[in-house]
Amino acid sequence: MYESNYIVVLVTVPNRDVGDEIARFLINDKLAACVNVINGLRSIYYWKGGVEEDNETLLIIKSRKDKLNDLIKSIRERHPYKVPEIIALPIIGGLTEYLEWINETLSRD
């Protein structure tokens, strides 16, 4: 499978509990092979006329491009934000065995 079929998706969530819940669902539903849940993120952003600052948790999700629409839908169903950050980036290269592991994990029975 070509490397461009693999993606990393970045998602911010309000706390670790929400992140863990989303991560477990994505793994169990074969929408992600791995989700890193990183605490201690500080976000400063513009929202509804003003600058906001929040402590958040970052999800780094490894998946495939063909799973992206379902992955976004699943995150939106579980995410408490009205407009959650969901950004997909292509993987342009990487260890072949790791990329194969992503594919095998997402294709498991």
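Residues numbered from 1 in each chain as written. Predicted model: local features only at pLDDT ≥ 70, side-chain atom pairs only at ≥ 80, totals over all residues. Heavy atoms only, no water.

Looking at the secondary structure, you find Arg-24 in helix α1 (residues 16-28). Judged by relative accessible area, Arg-24 falls into the exposed class, the value being 52%. Between the C-alpha atom of Arg-24 and that of Cys-34, which follows or precedes it by ten residues, the distance is 9.5 Å. (Helix = DSSP H or I, 4+ residues; strand = E, 2+ residues; numbered from the N terminus. Buried < 20%, exposed > 50% of the residue type's maximum accessible area, 1.4 Å probe, protein only.)

Below, the discussion takes up the layout of surface pockets. In this structure, the largest pocket encloses a volume near 230 Å³. Around the largest pocket, the lining residues are Thr-12, Ser-43, Tyr-45, Tyr-46, Trp-47, Glu-56, Tyr-81, Lys-82, Val-83, Pro-84 and Glu-85. If one sorts the elements of the lining of the largest pocket by residue count, strand β2 (residues 34-47) sits on top with four residues. The class makeup of the residues in the lining of the largest pocket is six nonpolar, two polar and three charged. (1 Å grid on protein atoms, 1.4 Å probe; cavity = no way out; pocket = protein on both sides within 12 Å on 5 of 7 lines; lining within 4 Å. Points joined across faces, edges and corners; volume = space filled by probe spheres on them. Nonpolar A, V, L, I, M, F, W, Y, C, P; charged D, E, K, R; others polar.)

Attention now goes to the packing of α1 against helix α2 (residues 68-78). Relative orientation of the contacting elements α1 and α2 amounts to 145 degrees, with a least axis distance of 10 Å. The hand of the α1/α2 crossing is right-handed. Judged by residue contacts, Glu-21, Ile-22, Phe-25 and Leu-26 of α1 engage Leu-71, Ser-74, Ile-75 and Arg-78 from α2. Each residue belonging to the contact of α1 with α2 can be placed in one class, and the counts come to five nonpolar, one polar and two charged. (Axes fitted to C-alpha atoms, helices over the stretch in contact; angles between N-to-C directions. Left-handed = near helix turned anticlockwise from the far one by under 90°. Contact = heavy atoms within 4.5 Å.)

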